[in-house]
Amino acid sequence: MLTVASDIEMLARFGHALADPIRCRILLALRQALAYPADLADLVEISLTRLSNHLACLRDCGLVVPVPEGRRTRYELADERLGHALDDLRAAVVAVEADKTCADADDKGCR
C-alpha cells in the first residue's frame, strides 16, 4: 500500500506523462533505443518544437534524461526498469481491453 506522499507524487507524475499519446509514443520509442530529438520528432511525426515541449515534460517527470554527446544531445529512459514497466503496463492494458471486449460481446449474446 502506498503511504509515503513522495511515492504517490511520483506515480501521479508518471500518470501525467502517460496521459498524452505523443509522450507515450516517445517513451515507447525510447524503450527501443536511444534517440536524438530530430530522429524522435520524425518518428512520432511532430515538429521539433512540439517534441521539445514533450521532452521537457518527460524530463520534469523524471522519466527521460538528456545525454550530451559533443554538440548534440540524445535522450534515453532515466532507468532501464522504466522500459520493463512500460512493457508490463502495456500488456496489462491490452489484456484488460481484451477481457472487456469479450465481456461486452457476451453481454450482447455473442459466443
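Coordinates for the structure precede this section.
Quick summary incoming for the structure in this document. (Residues numbered from 1 in each chain as written. Predicted model: local features only at pLDDT ≥ 70, side-chain atom pairs only at ≥ 80, totals over all residues. Heavy atoms only, no water.)

## Some words on helix α3 (residues 37-44)
Inspection of α3 places L40, A41 and V44 among the buried residues, and these make up the whole buried set. Within α3, the buried residues cover an arc of 100° as seen down the axis, which keeps them to one side. Exposed residues pointing more than 90 degrees away from the buried face of α3 are listed as D42 and L43. Turning to α3, the residues buried within the fold contact α2 (21-32) and α4 (48-60). A positive phi of about 60° marks E45, the residue just after α3. (Buried < 20%, exposed > 50% of the residue type's maximum accessible area, 1.4 Å probe, protein only. Helix = DSSP H or I, 4+ residues; strand = E, 2+ residues; numbered from the N terminus. Arc of directions from axis to C-beta. Contact = heavy atoms within 4.5 Å.)

## Considering the pairing of strand β2 (residues 72-77)
Bridge count for strand β1 (residues 64-69) against β2 is six bridges, and the pairing is antiparallel. Looking across to β2, one finds that P68 is bridged to T73. Hairpin connection of β1 to β2: two residues between the antiparallel strands, including G70 at a positive phi of 65°. (Pairing = 2+ DSSP bridges.)

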